[in-house]
Amino acid sequence: MSRESLTALAAAAGAPDPETGLAAVAALRRLLDEVETAHVAAARTAGWSWEAIAAALGVRRQTAHRKHASRGHS
């Protein structure tokens, strides 16, 4: 996704129209989930523990494991 697309999504998230804002928030949430998944996969490949990943994400180890282990990052 280009910088311009991200900027447009961020701007749309602040739009006064709830339909536009909510659609942008949903799109940003999906994008962040994809980015998080990619970084968790890279961390696991690099040998990071679930505890280290959870600390980096600011969540509990069980939360990180539950979310990402089912995605094949065990």
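All residue numbers refer to positions counted from 1 along the written sequence of the respective chain. Residue-level local features of this predicted model are given only where pLDDT is at least 70; pairs of side-chain atoms are given and counted only at 80 or more, and the full residue set underlies all totals for whole chains, interfaces and linings. With hydrogens and water set aside, each side-chain value is computed from the structure's full complement of heavy atoms.

Draft legend 1. A look at the packing of helix α2 (residues 18-45) against helix α3 (residues 50-57). Axis lines are fitted through C-alpha atoms, for helices just across the contact stretch, and the angle between N-to-C directions can take any value from 0 to 180 degrees. A run of H or I in DSSP counts as a helix once it spans at least four residues, and a run of E counts as a strand once it spans at least two, with each numbered from the N terminus. Two numbers describe how α2 lies on α3: the axes approach to 10 Å, and their chain directions differ by 145°. In this structure, α2 meets α3 at a crossing whose hand is right-handed. Contacts from Glu36, Val40, Ala43 and Arg44 in α2 reach Trp50, Ile53 and Leu57 in α3. Lys, Arg, Asp and Glu make up the charged group, whereas Ala, Val, Leu, Ile, Met, Phe, Trp, Tyr, Cys and Pro make up the nonpolar group; the residues left over, Gly among them, are polar. Taken together, the residues of the contact of α2 with α3 sort by class into five nonpolar, no polar and two charged. We call a crossing left-handed when the near helix sits turned anticlockwise from the far one by less than a right angle, and right-handed when that turn is clockwise. Contacts: residue pairs with any heavy atoms within 4.5 Å of one another.

Draft legend 2. Up close: the environment of Thr20. Examined against the element boundaries, Thr20 turns out to sit in helix α2. Counting along the chain gives eleven residues from Thr20 to Leu9, while the straight-line C-alpha distance between them is 9.6 Å. Not counting residues up to four positions away in its chain, the partners in contact with Thr20 are Ala12 and Ala15.

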